[in-house]
Amino acid sequence: MMDRIKRLLTPKTPAEQTMPPYVAVTALLVEAALVDGLYVNIESDMIAEILVEAFEFDADKADALLSEAETLAEEAVGSHQFTKHAKKLPMAERVKVIEAVYRVIYADGERSDLEDAYARHVAGLLHVDDVQRAEARRRAEARTSGTV
């Protein structure tokens, strides 16, 4: 009986396991790239660039983390699995996560309503208010000006 209860309470997929916030953030960025149904190289390149900038990873470590996050994002049933870990970051870092989400969304040069909804959804889960989210979006647009 106890074994049955333990199995019910044990997370079933890697995405449901405990993870460091930077792994969760990377998975959120992969989800942002996947929202429109297309995951192109320019989006994965943008995620790798963000990892190198934000966490000062070398290219190999960024690629390994990206690969892990792709697997996690494919197995996930929702963003909550990742935002619950990312919420451990200070507010200023969570706002940077939203800016990074927008950078990934804008990387392919196209913006869809689904992508905007995803960014708003993640911002809400991270308790980033609309003003902070809008400022993060403007910063991301400025960094990628000419591509959106």
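These numbers were taken from a predicted model, which means no experiment stands behind them.

Considerations on the nonpolar core
Here comes step 1: Judged by nonpolar contacts, the single largest core of 42 residues is most densely connected at Leu29, Ile47, Phe82, Ile98 and Val104.
Here comes step 2: Breaking this core down by element, the ones donating at least two residues are helix 2 (21-34), helix 3 (41-55), helix 4 (59-75), helix 5 (80-86), helix 6 (91-107), helix 7 (113-125) and helix 8 (130-143).
Here comes step 3: Ile98 has contacts with Ala119, Val122, Ala123, Leu126, Val128, Arg133 and Ala136, leaving out every residue within four places of it along the chain.

Considering the packing of aromatic side chains
Any pair of aromatic rings gets described here by the distance separating the centres and the angle formed by the planes.
Here comes step 1: Throughout the structure, instances matching the rule amount to 4 aromatic pairs.
Here comes step 2: Ring centres 5.9 Å apart and planes at 55° place the aromatic pair Tyr22 and Phe55 in the tilted group. One end of the pair, Tyr22, is in helix 2; the other, Phe55, is in helix 3, with 33 residues separating them in the sequence.
Here comes step 3: When its relative accessible area of 31% is taken as the criterion, Tyr22 is described as partly exposed.
Here comes step 4: Here the aromatic cluster, defined as three or more aromatic residues joined through ring pairs, consists of Tyr22, Phe55 and Phe57.

A closer look at the layout of surface pockets
Here comes step 1: The volume enclosed by the largest pocket comes to roughly 310 Å³.
Here comes step 2: The wall of the largest pocket is formed by 15 residues, among which Ile50, Ala54, Glu93, Lys96 and Val97 lie closest to the centre.
Here comes step 3: Breaking the lining of the largest pocket down by element, the ones donating at least two residues are helix 2, helix 3 and helix 6.
Here comes step 4: Per-element tally for the lining of the largest pocket: the top contributor is helix 6, with 6 residues.
Here comes step 5: When the residues that make up the lining of the largest pocket are grouped by side-chain class, the tally is 9 nonpolar, no polar and 6 charged.
Here comes step 6: Roughly 160 Å³ of volume is contained in the second largest pocket.

Some words on the pattern of salt bridges
Here comes step 1: Going through the model one piece at a time under the given rule, you end up with 9 salt bridges.
Here comes step 2: Here Glu141 ties to Arg111 by a salt bridge, and the two come within 3.1 Å at their closest N and O atoms. Taken together, the positions of Glu141 in helix 8 and Arg111 in the loop between helix 6 and helix 7 put the pair 30 residues apart, joining distant regions of the chain.
Here comes step 3: In this structure, Glu141 and Arg137 form a salt bridge, with 3.9 Å as the shortest nitrogen-oxygen distance. Within this pair, Glu141 and its partner Arg137 are both found in helix 8, separated by 4 residues, close to a single helical turn.
Here comes step 4: Judged by relative accessible area, Glu141 falls into the partly exposed class, the value being 26%.
Here comes step 5: Through salt bridges that share partners, Glu49, Glu53, Arg103 and Arg143 make up one connected network.

A short note on a nonpolar patch on the surface
Here comes step 1: Among the surface-exposed residues, Leu38, Val40 and Ile42 lie close enough to one another that they form a single nonpolar patch of about 260 Å² accessible area.
Here comes step 2: When its relative accessible area of 34% is taken as the criterion, Val40 is described as partly exposed.

Reading the values: rules and limits
- Residues numbered from 1 in each chain as written.
- Predicted model: local features only at pLDDT ≥ 70, side-chain atom pairs only at ≥ 80, totals over all residues.
- Heavy atoms only, no water.
- Core = buried A, V, L, I, M, F, W, Y, C linked by side-chain atoms within 4.5 Å.
- Buried < 20%, exposed > 50% of the residue type's maximum accessible area, 1.4 Å probe, protein only.
- Helix = DSSP H or I, 4+ residues; strand = E, 2+ residues; numbered from the N terminus.
- Contact = heavy atoms within 4.5 Å.
- Phe/Tyr/Trp six-rings, centres within 6.5 Å; stacked < 30°, edge-to-face > 60°.
- 1 Å grid on protein atoms, 1.4 Å probe; cavity = no way out; pocket = protein on both sides within 12 Å on 5 of 7 lines; lining within 4 Å.
- Points joined across faces, edges and corners; volume = space filled by probe spheres on them.
- Nonpolar A, V, L, I, M, F, W, Y, C, P; charged D, E, K, R; others polar.
- Salt bridge = Lys/Arg side-chain N within 4 Å of Asp/Glu carboxyl O.
- Patch = residues over 30% accessible without salt bridge, like charges linked within 9 Å, V, L, I, M, F, W, Y side chains within 5 Å.
- Areas by Shrake-Rupley, 256 points an atom, 1.4 Å probe, with all protein chains shown as cover.

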